[in-house]
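The primary structure of each chain is shown beneath.
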Amino acid sequence: MAGKLVKSIREAIQLAGLKDGMSISFHHHLRNGDYTLNLVMHEIAALGVKELTLNASSLFDTHAELEEHIENRVVTKINTNYMSSGLGRRISEGLMEAPVSFRTHGGRPRDIQLGITPIDVAFIAAPTADCAGNCSGKFGPSACGSLGYAFPDAMYAKKVIVITDNLVDYPLKGWSIPEIYVDYVVRVDAIGNPQGIVSGTTKITRDPVGLIMAQTAVKVIKHSGLLKDGFSFQTGAGGASLAAASYLKNVMLQENIRGSFASGGITGYLVDMLEAGCFESLMDVQCFDLKAVESIRKNPAHQEISAMQYASPAAKSAVVDNLDVVILGATEIDTDFNVNVHTDSSGYIMGGSGGHSDTAAGAKLSMIIAPLFRARLPIVTDHVSCISTPGRDIDVLVTQRGVAVNPKNQELMLRLKDAGLNVMDIQQLKAVAERITGKPGHLTRGERKVAEVIYRDGTVIDSIYSV
Amino acid sequence: MKKIIRSATAGTLESSDALVTVAPHENGVVIEVDSVVQKQFGEEIFRAVEETLRALEVKDARVSVVDRGALDCVIRARVETAVLRGEEDA
């Protein structure tokens, strides 16, 4: 047991037998505060290992050092579910030879489990661990709450290295990932910067446009026929989505509706709803703020789930398939309701699906909430520049000027019209936006394929080209 | 005819706004546009600045627009304000 504890990251890498051409993995619960990926990559580069495949559940701007490792061919292939704009821009400019493979939060564990993207060495940043590798995100100075996305890495990688800055006596009480999967444990000074791991508070928007969208979103939910006892719900951490959660809470309390669960990335607003009795449980794959971290530590109804249980199509069942309503964002949506969350208005990579297409596929009502235009660019286009989530999985678009229902969901369209909501054709919404902004000129895409978007079932649904 | 005698600005660098700067210049109008929506609206922005200057009878000026996705009406208003702040009898 004590044999697992090694002195340094470098020693652990050597013991794990990392060689040229292998695959390594990281999880992203420490978000933009993560130190672990950079620490590990620095050691790998120093050891002279080359041509690795990097499989990371998400990559943030704090991982900008990767650019150097890509240029030096330490990393020659990236699999990820999300990439923020710093590295995304460089990838779009043609930094890598091999296209980046984007998956979803459900597709990643599926492909790891099925051996499509095998992992040789997984690195697990653990806010607390014991010397045998039992670990948890709930405790310690770098506490991040759930470790959901790290489960497939721990379970299926050939070698698993736990890196912690809070080593405690064996056995850790309340572990999430058990020792049975762990080969080596390393103690470091800090696995991350708590300031960047979770925001102190996630805030409701004060923008009147966002508040109107949030109120409309809740009207759509209320009149969808789904808001009744047993209701289940997911929303992102965007300002308007949080405002919608807050309005929804008021409606549920007024009408005395007792929901079943809320899932996904969990914020303090969902914790408030749990504590107010709106839901029986929270199903948490990732904590977004300190209130969520505190809640998952203290409240047994706030439950940690693995990436597989969250969204994997290879799991025998998953939480997303039990969702009634999900509220999602979009950088673009086209008149066929296809949604882009991968690239910005100039075609640069600035995001990724995360759980977007998983929840859209699973939920009975998938709602996109977005302003009619952002910085002069209409949100509705003829064709999105990248399909992240296919339009067949989207039921309704909510904007500040009106609501467009996917014609495939006639029942919802009738319900919303009967309720007096301003239901418009999506073409009409596009025209309203273009009257205000002008008609945008077309972008010409580059020659080179820089990324591919792999849907949760393993099929490539789109490619992203250089800018 | 309006004469620009001093450097003046209007607007901000907030999203959906533009920062417009006018400055004295000899021999005609020079317009520079730097926009986050250059590819989609670069020409429209240039034309909005040109038309606003013509309407205000500004014949000689250097005008720079740093655009953060402002609507056409905002661009025109910011240009007009910058001209009024920079002109002779202001």
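Model, not experiment: these values are computed from the prediction.

Rules used throughout
- Residues numbered from 1 in each chain as written.
- Chains lettered and ligands numbered in written order.
- Predicted model: local features only at pLDDT ≥ 70, side-chain atom pairs only at ≥ 80, totals over all residues.
- Heavy atoms only, no water.
- Helix = DSSP H or I, 4+ residues; strand = E, 2+ residues; numbered from the N terminus.
- Rg over C-alpha atoms; globule rule 2.2 N^0.38 Å.
- Contact = heavy atoms within 4.5 Å.
- Lys, Arg positive; Asp, Glu negative; His and termini not counted.
- Charge placed at Lys NZ, Arg CZ, Asp CG, Glu CD.
- Phe/Tyr/Trp six-rings, centres within 6.5 Å; stacked < 30°, edge-to-face > 60°.
- Buried < 20%, exposed > 50% of the residue type's maximum accessible area, 1.4 Å probe, protein only.
- Domains from an automatic or database assignment.
- Buried area = accessible area lost by both parts, 1.4 Å probe.
- Salt bridge = Lys/Arg side-chain N within 4 Å of Asp/Glu carboxyl O.
- Polar contact = N/O pair within 3.5 Å; in protein donor to acceptor, adjacent residues only side chain to side chain.
- Nonpolar A, V, L, I, M, F, W, Y, C, P; charged D, E, K, R; others polar.
- Pairing = 2+ DSSP bridges.
- Axes fitted to C-alpha atoms, helices over the stretch in contact; angles between N-to-C directions.

Visitor: Explain the overall build of chain A here, please?
Guide: Looking only at helices and strands, chain A has 15 helices and 27 strands in total. Its C-alpha atoms give chain A a radius of gyration of 22 Å, within 12% of the compact-globule value 23 Å for 467 residues. The contacts in chain A between residues at least 6 apart in sequence include a share of 71% that link residues at least 24 apart. Separation between the mean location of the 44 positive side-chain charges and that of the 49 negative ones in chain A comes to 3 Å.

Visitor: How should the packing of aromatic side chains be read in this particular structure?
Guide: For any pair of aromatic rings, the description consists of the separation of the ring centres together with the inter-plane angle of the planes. All names here are of chain A. Per the counting criterion, the structure on display carries 4 aromatic pairs over all chains. Between Phe 60 and Tyr 82, the aromatic rings sit 5.8 Å apart at their centres with planes inclined by 40°, giving tilted as the arrangement. With Phe 60 in the loop between β3 (52–56) and α3 (66–71) and Tyr 82 in the loop between β4 (75–80) and α4 (85–92), the pair connects residues that are 22 residues apart, well separated along the chain. For Phe 60, a relative accessible area of 13% corresponds to the buried category. Both rings, one in Phe 231 and one in Phe 279, keep their centres 6.4 Å apart while their planes meet at 20°; by these two values the pair is stacked. Of this pair, Phe 231 sits in the loop between α8 (208–223) and β12 (232–235) while Phe 279 sits in strand β14 (residues 279–287), placing them 48 residues apart in sequence. For Phe 231, a relative accessible area of 0% gives the class buried. With a relative accessible area of 1%, Phe 279 lands in the buried category. Through pairs of rings, three or more aromatic residues link up here, namely Phe 231, Phe 233 and Phe 279.

Visitor: I would appreciate a short explanation of the domain arrangement of chain A in the present structure.
Guide: Quite often, the size of an interface is put as the accessible area lost when its parts meet. All names here are of chain A. The domain architecture assigned to chain A consists of domain 1 (2–197) and domain 2 (208–443). Using C-alpha coordinates to define each centre, domain 1 is positioned 29 Å away from domain 2. Contacts between the two partners involve 37 residues from domain 1 and, on the opposite side, 30 residues from domain 2. Across the domain 1/domain 2 interface, buried area totals approximately 2600 Å², and carbon plus sulfur atoms make up 61% of it. Area buried by domain 1 at its contact with domain 2 is led by Lys 138, Ser 146 and Tyr 149, which between them contribute 19% of it. For the interface between domain 1 and domain 2, the tally reads 0 salt bridges.

Visitor: I would appreciate a short explanation of the interface of chain B and chain A in the present structure.
Guide: With 14 residues of chain B in contact, the opposing surface of chain A contributes 14 residues. Interface area for chain B against chain A, summed over the two sides, is near 1100 Å², with a carbon-plus-sulfur share of 58%. Of all residues in chain B, Gln40(B), Phe41(B) and Leu71(B) bury the most surface against chain A, accounting for 53% of the area lost on that side. Our count for the contact surface shared by chain B and chain A stands at 3 residue pairs in polar contact (both at pLDDT 80 or more). Residue contributions to the side of chain B that touches chain A peak at 5 residues, all from helix α1 (residues 38–55) of chain B. Of the residues in the side of chain B that touches chain A, the class split is 6 nonpolar, 4 polar and 4 charged.

Visitor: Honestly, the sheet that holds strand β16 (residues 325–328) of chain A in this entry has me stumped. Any pointers?
Guide: Pairing between the strands of a sheet is mediated by backbone hydrogen bonds and can be parallel or antiparallel. Residue and element names in this part refer to chain A. Strand order in the open sheet formed by 9 strands is β15-β14-β13-β12-β16-β19-β23-β24-β25, with mixed pairing between adjacent strands. Every interior strand has two partners, whereas the edge strands, β15 (302–304) and β25 (423–424), have only one. Direction of pairing for strand β24 (residues 403–405) relative to β25: parallel, over a ladder of 2 bridges. Each residue of the ladder has a partner; that of Val 403, found in β25, is Val 423. Against the sheet, helix α9 (residues 239–254) makes contact with β12, β13 (259–266), β14, β16 and β19 (365–369), and its axis sits at roughly 155° relative to β12, the strand it touches most.

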